[in-house]
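Geometric and topological summary
As a plain string of letters, each chain reads:
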Amino acid sequence: MIQKSSGSGRRILTYPNIHSCDSVSPLTFLNSLIDLGGDICSCKSKFFSVNKRNARETFRQITNLLLFLREVRDTAPDLPDSVVVSLSELHLTLQKIRYLLEDCTRDGARAWMLVKLDRVANQFRIVIRGLATGLDVFPLSTVDVSNEAKDLVELITRQARKATLEPDPEDKMAVKDLMRILNHLEGGNAPDPIEIRRILDHLGIHKWSSCNEEVEFLDSEIGTEFSNEEKERELELLSSLMGFMSYCRCLIFDRVDFESQHLNARCNNGSEGFKGINVDDLKCPISLEMMSDPVTLSSGHTYDRCSILKWFRSGNAACPKTGQKLINTALVPNLVLRGIIQQYCAENGIPAVISSGKNRDISRTAMAGSLAEEGAVKILAGFLVSKLVNGSSEEMNKTALEVRILTKTSIFNRSCLVESGTVPLLLKLLLSEDCNTQENSIAALLNLSKHSKGKCVIVENEGLDLIVHALRKGLKIEARQHAAATLFYLASVEENRALLGEIPEAIPGLVELIKNENHRCKRNALVAISGLLVHPGNHWRVLASGVVPLLLNLLRDSEREDLVTNSLAILATLAEQIDGTVAILRRGGLRLLVDILNTSTSKTAEEYCISMLLALCVNGGLDVVARLVKIPSLMRSLYSQLSEGTSRASKKASAIIKILHQFYENNSPSAPVTPILQRERFVHVW
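We now turn to the structure provided with this report.

Calculation rules
- Residues numbered from 1 in each chain as written.
- Predicted model: local features only at pLDDT ≥ 70, side-chain atom pairs only at ≥ 80, totals over all residues.
- Heavy atoms only, no water.
- Core = buried A, V, L, I, M, F, W, Y, C linked by side-chain atoms within 4.5 Å.
- Buried < 20%, exposed > 50% of the residue type's maximum accessible area, 1.4 Å probe, protein only.
- Contact = heavy atoms within 4.5 Å.
- Pairing = 2+ DSSP bridges.
- Helix = DSSP H or I, 4+ residues; strand = E, 2+ residues; numbered from the N terminus.
- Axes fitted to C-alpha atoms, helices over the stretch in contact; angles between N-to-C directions.
- Left-handed = near helix turned anticlockwise from the far one by under 90°.
- Nonpolar A, V, L, I, M, F, W, Y, C, P; charged D, E, K, R; others polar.
- Phe/Tyr/Trp six-rings, centres within 6.5 Å; stacked < 30°, edge-to-face > 60°.

Once that is clear, we can look at the nonpolar core. Among the nonpolar cores identified, the biggest contains 189 residues, and Phe 68, Met 245, Leu 628 and Leu 638 are the most heavily contacted of them. Contact partners of Phe 68, with chain neighbours within four places excluded, come to Leu 135, Phe 138, Leu 140, Ala 149, Leu 152 and Val 153. Counting residues in hydrophobic clusters, the runner-up holds 16 residues, among them Leu 282, Tyr 303, Ile 308 and Leu 337.

Structure follows, in structure tokens:
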């Protein structure tokens, strides 16, 4: 009966849909309530950065309530049904108290809880008075408990109604200090480090990692959907706090207290955690497709937002799965399931149906979210450049890490750091003998290469050769992986594609990376090669690198959809020319392509297969066509593309069908032989 919560699956300072369980027996209800109260009291040992007094008062009230409830259980095991109303109200209130206490002790949310001080105190008042409401309707006259227990109920009720539960004076002072610092940053002025440390000490933030947790939480909240009336106000405050915490992380904490690769730990966990997951549970019960925006109804069942909205617009007011009439049509984002789907897609090579931070429009980050954030980042940019110029080896490594983090999702941060001159300094660090410094530097350059001016500055400072050096000689596999991704972004500029092709080690380095067991290395190398192939002059270079047999083996062995699709993309481009066709045919690629076409569930992969088969027919001549005619299953897949494939796949499938029919007509023996498919089934879609 106790609803287990997940701090990561719920917007902070909000409550999920909580429903009473009227059909549960009074004794079961009572036991559940006692267990829930025990869970709440176990939070006493946690650190409360704000609202300490209100938390203490709440624990005191819950402790008294548990004394009463336990006596009821021990002395009156046969409870009348009339107590259910009271127990239900208390159960709802205690669940809200537990969620509120979770938020007050949530790692990474301390600064946000500080600026939301008054709102938090008000929620404490509401839930404590909810205890009085629940006890008011408890039928004491029908339960055989001691007079002391009855007096305790009256005491709890009276104190709950009289409790003021105001914010702590120390918290109010800390909020004033924080707002004064944000005003300094708005004016582009560096705040007093002593004042900053006083606030951090108040919040219990004593380490770089704790400060980084604050930044990550604030960033995730910026990407969360707000209602229209609160959006701008909340976003500005969140952005200001994020700028402040980024400032603290860079300037106040000199030492990173964990390895930098832990920043990507969530992405590198592997798929072990998904072995027990039923993939059907990740699909919408209406559309039967993987959910892109899972939302939960008041019935407790989850659907994809677009599907359930269509259901409602059709005039349906019941839960599609159960037929239960809905109390309301509110849609609560299921953030836990959303995260699971996102990670499942990433780990299994499925093109993500959910982007990271769905409502986070990265184009919005072209400008700072607030004046305070803008001021903080500009001050930081100058500080980081000075450390890259004059810092010790350890300071340079930390600075490269800070640039890497700052430029991960913000266009504004990238612009500031490119303008401040970080790119040439980071390029020099690619030659560092320290593996962490090299990795952080290439990862930072990867982020900066996504900025248009960043690409130019990299090329102007002879960065292409240095990045290729990191690709070939990277001290860690992560550095080589990031170098490949950086080449992909640089190759989005035509001039760069030509320049990279002329570097002898560039394409062979990418091909060598495909052989690595790490799927991210493979993926980054594949997309970089695909980007370089856009330049016609690189065709022979890619072909000469021996990539064709490597890709065909990858297609035979890999179960990851992204690697298969990217490999097919390269092969389809190579097949457009005769030498590419010859290389593919000599390595047994024809039958492999047909097998992939017959079994693939990816529209993109099917389109590449169709495109390649057409190119092989055109460039390979009658020998190729003769071999295809002998594969009966091919025609079924081709006709399927006419109605179910993409527009391009449909047109190319029609062209292949025409070629195969023409070959059959020209080579048909005089004796009547049943063709592969009846001629009248041919559909012309040109």
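So, on to the sheet that holds strand S1 (residues 294-296). Backbone hydrogen bonds hold the strands of a sheet together, and the pairing may be parallel or antiparallel. In space, the three strands of this open sheet follow the order S2-S1-S3, with antiparallel pairing throughout. Every other strand in the sheet has two partners, leaving strand S2 (302-304) and strand S3 (332-333) as the edge strands with one partner each. Relative to S3, S1 runs antiparallel, the two sharing two bridges. Residue pairing across strands places Thr 296 opposite Val 332, the latter belonging to S3. Its contacts with the sheet place helix H11 (residues 305-313) against S1, S2 and S3, and it is angled at close to 95° to S2.

Before going further, it helps to examine the packing of helix H25 (residues 547-557) against helix H28 (residues 589-599). It is the contact of H25 with H28, at a shortest axis distance of 11 Å, that shows an interaxial angle of 35°. The interaxial crossing formed by H25 with H28 has left-handed handedness. Residues Leu 552, Leu 555 and Arg 556 of H25 touch H28, and the partners they reach there are Gly 589, Leu 592 and Ile 596. Looking at the contact of H25 with H28 residue by residue, the classes come out as four nonpolar, one polar and one charged.

It is the contact of helix H2 (residues 52-75) with helix H3 (residues 84-104), at a shortest axis distance of 12 Å, that shows an interaxial angle of 145°. As for the relative orientation of H2 and H3, their crossing is left-handed in sense. Contact residues: Ala 55, Thr 58, Phe 59, Ile 62, Leu 65 and Leu 69 in H2; Leu 87, Leu 90, Leu 94, Ile 97 and Leu 101 in H3. For the contact of H2 with H3, the residue count by class is 10 nonpolar, one polar and no charged.

This part takes up the packing of aromatic side chains. Inspection of the entire model under this criterion finds three aromatic pairs. Plain terms: the ring middles of Phe 68 and Phe 138 are 5.2 Å apart, the flat faces sit at 75° to each other, and that makes the pair edge-to-face. Of this pair, Phe 68 sits in helix H2 while Phe 138 is found in the loop between helix H5 (117-136) and helix H6 (147-162), placing the two residues 70 residues apart along the sequence. Of the two residues, Phe 68 and Phe 138, both sit in the buried class. Look at Phe 488 and Tyr 489: their rings are 5.1 Å apart centre to centre, the planes differ by 70°, and that puts the pair in the edge-to-face class.

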